[in-house]
Amino acid sequence: VGQAQEMNRDHPIFVTGVDQYQKIVFVVRAEGIEFVDLASGRPIGTGSIDGLQGRRITSAYRALDNTHLALGLEDGVVILVRLKFEVAFGEGGTQSVTPSVVVDGQVKLFDVAVVKCVYRNDGEGRGTVLGIGKGDQLALAVSSQRRGLLGRGKTEISTFDLTPAL
């Protein structure tokens, strides 16, 4: 988690959620992901998102498992991330939770901003992203991860432009 910094409150909130320990709230805005301590209401840091590199988030989706997110960007890319919350116990049984962001991949759906996106990850290396681009474009991406001899193998992504079928 990066240093706590003020996010622009003028930008809309795309997605929010709470970790499984109910200690940290996450907020997705155009600049990225902000983590907030639920008890104090104070920002505790921002999630570093590899691949964002100054681009702006234009839409986001939180999967039902509350840890997988799809971040639609202004240039038609969708970054797929997983939020991790590590718990540690200190002296006297005090509990602390440390959030982090893991980028699982990204896919280019459009040449225009992603207006809406939906994401499903089955936890077995397969995912599906459905996106709506500015100008009512529609695209689907399906990913699957092959298993190698030493564990995780190559991820294959197939993208389909569904706009002509509308």
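Preceding this paragraph is the structure being described.
Chemist: Summarise unusual backbone geometry; cite the residues concerned and give the values.
Modeler: Residues other than glycine predominantly adopt negative phi, and peptide bonds predominantly adopt the trans conformation. Even without being a glycine, Asn 66 presents a positive backbone phi close to 70°. Here Asn 66 is to be found in the loop between strand S5 (57-62) and strand S6 (68-73). Of the residues examined, Asn 66 reaches a relative accessible area of 18% and is grouped as buried.

Chemist: Tell me what's going on with the sheet that holds strand S4 (residues 43-47), and back it up with residues and numbers.
Modeler: Sheet strands line up and pair through hydrogen bonds in the backbone, either parallel or antiparallel. What the four strands build is an open sheet, ordered S1-S2-S3-S4; its pairing is antiparallel. Since the sheet does not close on itself, it has two edges, and those belong to strand S1 (15-18) and S4, each with one partner. Between one strand axis and the next, the sheet turns through 20° on average, direction left out of account. Taken together, the four bridges between S1 and strand S2 (residues 24-29) define a ladder with antiparallel strand orientation. Paired with Gly 17 across the strands is Phe 26, a residue of S2.

What counts and how
Residues numbered from 1 in each chain as written. Predicted model: local features only at pLDDT ≥ 70, side-chain atom pairs only at ≥ 80, totals over all residues. Heavy atoms only, no water. Helix = DSSP H or I, 4+ residues; strand = E, 2+ residues; numbered from the N terminus. Buried < 20%, exposed > 50% of the residue type's maximum accessible area, 1.4 Å probe, protein only. Pairing = 2+ DSSP bridges. Axes fitted to C-alpha atoms, helices over the stretch in contact; angles between N-to-C directions.

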